[in-house]
Amino acid sequence: MQKLLLVDADADSRTVYRLLLQHAGYEVLEALNGPDALATARATPPDLIITETALPGMDGLTLLESVHQEPALENTRLCVLTATVSEQIDERCRELRVCRVLVKPLQPSALLEEVGRILSGAPSGG
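We now turn to the structure provided with this report. Treat the numbers as computed from the prediction; the structure is a model and nothing was measured. (Residues numbered from 1 in each chain as written. Predicted model: local features only at pLDDT ≥ 70, side-chain atom pairs only at ≥ 80, totals over all residues. Heavy atoms only, no water.)

## Focus on the sheet that holds strand E4 (residues 77-82)
- Read from one edge to the other, the open sheet built from 5 strands follows the order E2-E1-E3-E4-E5, with strand pairing classed as parallel. Only two strands of the sheet have a single partner each, and these edge strands are strand E2 (27-31) and strand E5 (100-103). Averaged over neighbouring strand pairs, the angle between their axes works out to 20° when direction is ignored.
- The sheet contact formed by strand E1 (residues 3-7) and strand E3 (residues 48-52) spans 4 bridges and is parallel. Looking at E3, one finds that Val 7 is bridged to Thr 51.
- Contacts from helix H5 (residues 108-120) reach E1, E3, E4 and E5, with the element oriented near 175° to E5. (Pairing = 2+ DSSP bridges. Helix = DSSP H or I, 4+ residues; strand = E, 2+ residues; numbered from the N terminus. Axes fitted to C-alpha atoms, helices over the stretch in contact; angles between N-to-C directions. Contact = heavy atoms within 4.5 Å.)

Following this line, the structure appears as structure tokens:
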């Protein structure tokens, strides 16, 4: 079973995404902020980290920078959820080798499709 780490400060969003992903057969770990997410990833390395950019304590992009410094997480794929699209976010995500930047609000079917593509290594659907 593939393991995902879902990082979002919004409890309602986390619950919806967790239930959706669990129903699709994924094991889902959760964190509400960057420091908790990094501790969780270190303890139980996930196949994929899906993180919101706006997080308390450590923003999502800083979290992903920290992930890159962890040898045990070098094969972990990265996905960013954001409500704010900007050139700065896109550029930083390219530097961090983020697989996908998904814009919220996100349809549940789109999340499942993109997670499947990321984990299979397939190119983005557009």
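## Digging into the nonpolar core
- Formed by 21 residues in total, the largest nonpolar core has its most connected members in Leu 5, Val 7, Ile 49, Leu 63, Leu 64, Val 67 and Val 98.
- Where this core is concerned, the elements lending two or more residues are E1, E2, helix H2 (34-43), helix H3 (60-68), E4 and helix H4 (87-95).
- When residues no more than four places from it in sequence are discounted, the contact partners of Val 67 are Leu 38, Ile 49, Leu 73 and Leu 78.
- One finds Leu 6, Leu 48, Ile 50 and Leu 111 within the second-largest nonpolar core, a separate group that totals 16 residues. (Core = buried A, V, L, I, M, F, W, Y, C linked by side-chain atoms within 4.5 Å. Buried < 20%, exposed > 50% of the residue type's maximum accessible area, 1.4 Å probe, protein only.)

## Remarks on the pattern of salt bridges
- Scanning the entire structure with this criterion turns up 10 salt bridges.
- Note that Asp 8 is salt-bridged to Lys 104, the shortest N-O span being 2.9 Å. Pair noted here: Asp 8 is in the loop between E1 and helix H1 (11-23) and Lys 104 is in the loop between E5 and H5, with a separation of 96 residues, a long-range link. With respect to burial, Asp 8 and Lys 104 carry one shared label: buried.
- Across the pair Glu 114 and Arg 117 runs a salt bridge whose closest N-O atoms are separated by 3.2 Å. (Salt bridge = Lys/Arg side-chain N within 4 Å of Asp/Glu carboxyl O.)

## Some words on the pairing of E3
- Counting buried positions over the 5 residues of E3 gives 5, a clear majority of the element.
- Across the two faces of E3 the burial is the same, with Leu 48, Ile 50 and Glu 52 and Ile 49 and Thr 51 all buried.
- A crossover connection joins E3 to the parallel E4 through H3; in handedness this β-α-β unit is right-handed. (Right-handed = clockwise from strand over helix to strand, strands pointing away.)

## Structural notes on the packing of H1 against H5
- Between H1 and H5, the least distance of the axes is 11 Å, while the angle of their chain directions is 55°. With respect to each other, H1 and H5 are oriented oblique. The crossing of H1 and H5 is right-handed. Contact residues: H1 offers Tyr 17, Leu 20 and Leu 21, while H5 offers Pro 108, Leu 111, Leu 112 and Val 115.
- Here the contact of H1 with H5 is composed, by residue class, of 7 nonpolar, no polar and no charged. (Parallel < 35°, antiparallel > 145°, perpendicular 65-115°, else oblique. Left-handed = near helix turned anticlockwise from the far one by under 90°. Nonpolar A, V, L, I, M, F, W, Y, C, P; charged D, E, K, R; others polar.)

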